[in-house]
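Here is how the chains run, residue by residue.
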Amino acid sequence: MTEIELLSWARGPGLQIATIIFVAGVVIRILEILLLGRKANLAEAKGGEMSGGLRTVFTRTVPDRTTFKRSSVTIVFGYIFHIGLFVVCFFSAPHILFLKDIIGFGWPSLPTPVIDAFAVITIIALLGTLVNRLTNRVMRFLTNFEDLLTWFLTFLPVITGYVAFHRIGLTAPSLLAVHILSVELLLVIFPFTKLMHAFTLFLARWYNGAISGYKGVAS
Amino acid sequence: MSELCNDTDFRKALEALDDLQQRQVAALFVQHVLALSGDKRLERVLKTAAEADATQEELASALKSAHAVTFDNHARCGAEGNWSDQAGYFVARAAVAATTPVTQARAGGPAWQAAMSARMAYTSSLIEDASNRSAHAECEWQYQALSDYLNV
Amino acid sequence: MSASLEKGINAFKRQVDSTVAAFFSSCVHCGLCAEACLFYTETGDPKRTPINKTEPLRRIWKSEFTLVGRVGKMLGLSKKIDDEFLEEWQELVYDSCTLCGRCSMVCPVGNDIALMIRKTREGMAAAGQAPEGLVGATTRAVTIGSPMGVKWPALQAQIKHVEEDTGLKIPVDVEDVEYMLLLSSMEIMNFPEFIEAVAKIFDKAGTTWTISSEAFEATNSGIQIGVSDIAAVLVQRIVDAADKLRVKTVISPECGHAYTAIRWDGPNLVGKAFNFKVRHILEVMDDLRKDGRLKIATKETRKLTYHDPCQISRRGGVIQEPRNLINMVSDNFVEMPDAGKMNWCCGAGGGVSANERADEIRLKVFERKKAQLDEVKPDAIVSACSNCRIHLEDGLEEYNMDIPLLSLTETLAEHLAED
């Protein structure tokens, strides 16, 4: 297969297959959770469930001081790469063009040097999280194959994207194909891993806040 | 000295005692129930409490010792409760009261607190006891003991 | 598969609902929960990471309730659950956790890990993996009515003593009153002054109340061991007595898990909403304060701090009330660091103190509380749970710290106005 054929496949059928698996997988995982249901609470309420749940969805984003002091490396690196991924994914010009093709509209992009900076910071932060995962006593204990796999699946698109954009190494079409394929790999494996937290954390935080809110505690 | 026959007067009389008297009367009360505790440390504690010349350091040390006895003897949460052992716990509590300085004592003063804990010790010992001994016997004894002490 | 293991696995399965599934789906192995848990921070042992304690439940969730897990199980790829594995986890689930819930407050994805551990105990207990001390306590609770074997005649003797000491009558089995007071065995055995304090406060406030001779025990060992059926039986006794006496409110005393059991779990355990309200003694006293029926004459001059009992504060919702009450009786009240809903556990709740095997670790983790106390340097510590009180006293003695523990209820009673 020539590199043009590979790129066409990646952009065409590859993307379709990956998207279908991704969407179906995410929907199944979420349904698996919601269909289990939970029993109604018969105790006399002291506070609101909905308000408690919604509040925690937002407030859990900010760690309390003591927690931050004890786990600053994990928290800081974690935030940096999440924010970095978000900016690079949604504010780089080629990505916006790509999304515009699919959803019909786009939005202003950030200048290339800015995106570059975010990409590099994200790469460094991701490497930092890996080192942390392998050296921090608790994380080393908890880390399993899935943790390493998902790290790799997340890292690959960022690094291949940067390399493709700056035409380092192979020719442009090949680099682009590799980048798109790496994203498709991520999409396909995503629903079967902890990466689902991107969706399920809203449920988890809501449940947490609802349970506590019922008792009058802001969690 | 009029006959003391109720707790209101009893308590008033105890509260009217001076610091040394409080301590010595408290020690009397504890001594009476000492047999309900198996802990040898309390004997030394009581000796110090009854001693007119006991120094601050000696009393502080006795208090610490009495506290230690209460920790070793209290019922553990969820463990099978043994009321005979609890009697020992309350004897230790009474000893704590007897060696607590008046300014730091709970309501009623050291002597009253010691009297109450001593009664609790006696009551505890009766709980698993099938005989019909009355718990009131201990307060009667305490009234008489105070009367005797004041009349000497 | 042994019969008990099968019972255990079925019990684990019954625990999985949408909350459990959402929580396990979201865990990213970040390890923040470990730094919130005193059993990790004071031992440095990563096994004690809270989410790790839920591993038995996680394996069941994965292999029975997820598509990918069920496929994996069919292919023989799922992690095994056998008696050996569960036995290994016993120490983590029971000795190294008080269900304090601090982990649930810090998990970035929002997992209520303490709830997950509580649910894990259901499976462990059904599989015969609960510690001996707890099994004994629970058996006594069911057969005798109290986990420590306290029977009505013993309480009667205590009541008589209290009546002598206060000159007040303690109402027993009185119908149509405002409050029915529950008591924990710990209070009955170690701190009868609590009953005195309540009697005095209610007398001055003109409150009508009673103790029931048929249901006086507040402690719920079923909750601690993790057997909901037993917990339900214990709650039902209270419900029956409260309904019989037609009381308006049942009061949970100064005991942590008792409050959780009757206030928040109770109706869900017995499957019916209560006909009466449930309040903690602190909430009742705060109501009296608001009504102007709690009058304080003298004040504490010692520098006081407050230890938040986890089940009352963070997991119970009674956080501000004790502070309102302490401020009535003290102008010298200083909060410890992390006070309030993020306060650190004393280390003894949730069945840990009833488990002799956990004695060593229980004293070790007290160092976290010690660190807080070293910062605030109080003259006395106020709290509202007898178990916290005993354990803190134990810990303070172990480390040669001379700081008295005060019950909030007893402290208020000591400073009551005589009118």
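Conventions used here
- Residues numbered from 1 in each chain as written.
- Chains lettered and ligands numbered in written order.
- Predicted model: local features only at pLDDT ≥ 70, side-chain atom pairs only at ≥ 80, totals over all residues.
- Helix = DSSP H or I, 4+ residues; strand = E, 2+ residues; numbered from the N terminus.
- Rg over C-alpha atoms; globule rule 2.2 N^0.38 Å.
- Buried ≥ 20, exposed ≤ 12 C-beta atoms within 10 Å, placed from the backbone.
- Contact = placed C-beta atoms within 7 Å.
- Core = buried A, V, L, I, M, F, W, Y, C linked by C-beta atoms within 7 Å.
- Axes fitted to C-alpha atoms, helices over the stretch in contact; angles between N-to-C directions.
- Parallel < 35°, antiparallel > 145°, perpendicular 65-115°, else oblique.
- Left-handed = near helix turned anticlockwise from the far one by under 90°.
- Nonpolar A, V, L, I, M, F, W, Y, C, P; charged D, E, K, R; others polar.
- Pairing = 2+ DSSP bridges.
- Domains from an automatic or database assignment.
- Expected span 1.5 Å × (residues − 1).
- Right-handed = clockwise from strand over helix to strand, strands pointing away.

**Q** It is not clear to me how the overall build of chain C should be interpreted in this structure. Could you clarify?
**A** Scanning chain C from terminus to terminus reveals 22 helices and 7 strands. For 419 residues, the compact-globule estimate of 2.2 N^0.38 gives 22 Å, and chain C sits close to it at 22 Å. If one aligns the C-alpha atoms of chain C with their principal axes, the spans along those axes are about 75 × 50 × 35 Å. Counting across all 419 residues of chain C, residues that qualify as buried make up 61%. Taking all contacts inside chain C whose residues are at least 6 apart in sequence as the whole, residues at least 24 apart take part in 82%.

**Q** Looking at this structure, I do not really get the nonpolar core. What am I missing?
**A** The tendency in soluble globular proteins is for nonpolar side chains to be buried as a group. The biggest cluster of nonpolar side chains holds 195 residues, and the ones touching the most others in it are Val30(B), Val91(B), Ala94(B) and Ala95(B). Ignoring any residue separated from it by four or fewer positions in sequence, one finds Val30(B) in contact with Leu46(B), Val91(B), Ala94(B), Ala95(B), Ala98(B), Ala114(B) and Ala118(B). Counting residues in hydrophobic clusters, the runner-up holds 16 residues, among them Ala164(A), Leu176(A), Leu181(A) and Leu187(A).

**Q** Could you clarify how one ought to interpret the packing of helix α18 (residues 281-291) of chain C against helix α19 (residues 320-329) of chain C in this entry?
**A** The axes of two packed helices give the description: the angle between them and the distance between them. Residues and elements named next belong to chain C. Contact geometry for α18 and α19: axes closest at 9 Å, N-to-C directions at 55°. Relative to α19, the element α18 is oriented oblique. Once α18 is placed against α19, the crossing between them reads as left-handed. Listed contacts from α19 to Leu-282, Glu-283, Met-285, Asp-286 and Arg-289 of α18 are Glu-321, Pro-322, Asn-324, Leu-325 and Met-328. Residues of the contact of α18 with α19, tallied by class, amount to 5 nonpolar, 1 polar and 4 charged.

**Q** Please clarify how the sheet that holds strand β2 (residues 209-210) of chain C should be interpreted in this entry.
**A** The pairing of strands in a sheet comes from backbone hydrogen bonds and takes either a parallel or an antiparallel form. All names here are of chain C. Spatial ordering of the open sheet is given by β2-β1-β3-β4, a layout of 4 strands whose pairing is parallel. Taken across any chain shown, the strands that pair with only one partner, and hence form the sheet edges, are β2 and β4 (277-280). As paired strands, strand β1 (residues 179-181) and β2 are joined by 2 bridges and run parallel to one another. By the bridge assignment for β2, Met-180 is matched with Thr-210. Across the sheet, helix α16 (residues 228-245) is in contact with β1, β2 and β3 (249-252); its angle to β1 comes to roughly 145°. On top of the sheet, helix α17 (residues 256-270) reaches β3 and β4; it is set at about 145° to β3, its chief contact.

**Q** Quick question: what am I supposed to make of the domain arrangement of chain C here?
**A** As a measure of interface size, the accessible area lost when the parts come together is often cited. Residue and element names in this part refer to chain C. In terms of domains, chain C is made up of domain 1 (3-129), domain 2 (134-290) and domain 3 (291-414). Each of domain 2 and domain 3 has a C-alpha centre, and these two points are 21 Å apart. In this complex, domain 2 contributes 36 residues to the contact, which on the side of domain 3 involves 33 residues. Of all the secondary structure elements, the ones that give two or more residues to the side of domain 2 that touches domain 3 are α11 (132-143), α13 (185-190), α14 (193-205), α15 (221-225), α17 and α18.

**Q** Could you clarify how one ought to interpret the packing of helix α4 (residues 56-73) of chain B against helix α5 (residues 83-99) of chain B in this entry?
**A** Residue and element names in this part refer to chain B. Here α4 crosses α5 at 160°, and the two axes come no closer than 8 Å. Judged by the angle between their axes, α4 and α5 are roughly antiparallel. Judged by the twist between their axes, the crossing of α4 over α5 is left-handed. Seen from α4, the contacting residues are Leu-59, Ala-62, Leu-63, Ala-66, His-67, Val-69, Thr-70 and Asn-73; seen from α5, they are Asp-85, Gly-88, Tyr-89, Ala-92, Arg-93, Ala-95, Val-96 and Thr-99.

**Q** I would appreciate a short explanation of the arrangement of the chains in the present structure.
**A** Take the 2 pairs of chains in contact: the one carrying the most contacts is chains A and C. Across the gap from chain A to chain B, with no contact made, the nearest C-alpha atoms are 26 Å apart.

**Q** Just checking my understanding: could you explain the interface of chain C and chain A for this structure?
**A** Facing the 47 residues of chain C at the interface are 48 residues of chain A. Mapped onto the side of chain C that touches chain A, the elements with two or more residues apiece are α2 (18-26), α3 (32-36), α7 (67-74), α9 (102-106) and α17 of chain C. Counting residues per element, the side of chain C that touches chain A draws most heavily on α2(C), which supplies 7 residues. Of the residues in the side of chain C that touches chain A, the class split is 22 nonpolar, 16 polar and 9 charged.

**Q** Can you help me understand the interface of chain B and chain C in this one?
**A** Across the boundary between the two partners, chain B contributes 26 residues, which contact 32 residues of chain C. Of all the secondary structure elements, the ones that give two or more residues to the side of chain B that touches chain C are α1 (7-15), α4, α5 and α6 (109-127) of chain B. Of all the elements, α6(B) adds the most residues to the side of chain B that touches chain C, at 6 residues. Each residue belonging to the side of chain B that touches chain C can be placed in one class, and the counts come to 14 nonpolar, 7 polar and 5 charged.

**Q** In this structure, what is going on with helix α10 (residues 197-214) of chain A? I would like to understand it.
**A** Working note: α-helix, 3.6 residues per turn, so residues spaced by three or four point in the same direction. All names here are of chain A. The terminal C-alpha atoms of α10, which comprises 18 residues, lie 24 Å apart, in line with the 26 Å expected from a rise of 1.5 Å per residue. Counting buried positions over the 18 residues of α10 gives 15, a clear majority of the element. Where α10 ends, the next residue or the one after it, Gly-216, has phi of about 85°, a positive value.

**Q** Can you help me understand the pairing of β4(C) in this one?
**A** Side-chain positions along a regular strand alternate between the two faces of the sheet. All names here are of chain C. Looking at chain direction, β3 and β4 are connected through 4 bridges and run parallel. Looking at β4, one finds that Thr-249 is bridged to Lys-277. Traced from β3 through α17 to β4, the parallel crossover comes out right-handed.

**Q** What is the right way to look at the sheet that holds strand β7 (residues 405-407) of chain C in this model?
**A** All names here are of chain C. Strands sit in the order β5-β6-β7 across an open sheet of 3 strands; the sheet is parallel. Each edge of the open sheet carries a strand with a single partner, namely β5 (304-306) and β7. Each strand of the sheet is rotated relative to its neighbour by a mean of 35°, with strand direction disregarded. The pairing of β5 with strand β6 (residues 380-383) spans 3 bridges and is classified as parallel. If you follow Leu-304 over to β6, its bridge partner there is Ala-380. Packed on one face of the sheet, helix α21 (residues 386-398) meets β6 and β7 and runs near 170° to β7.

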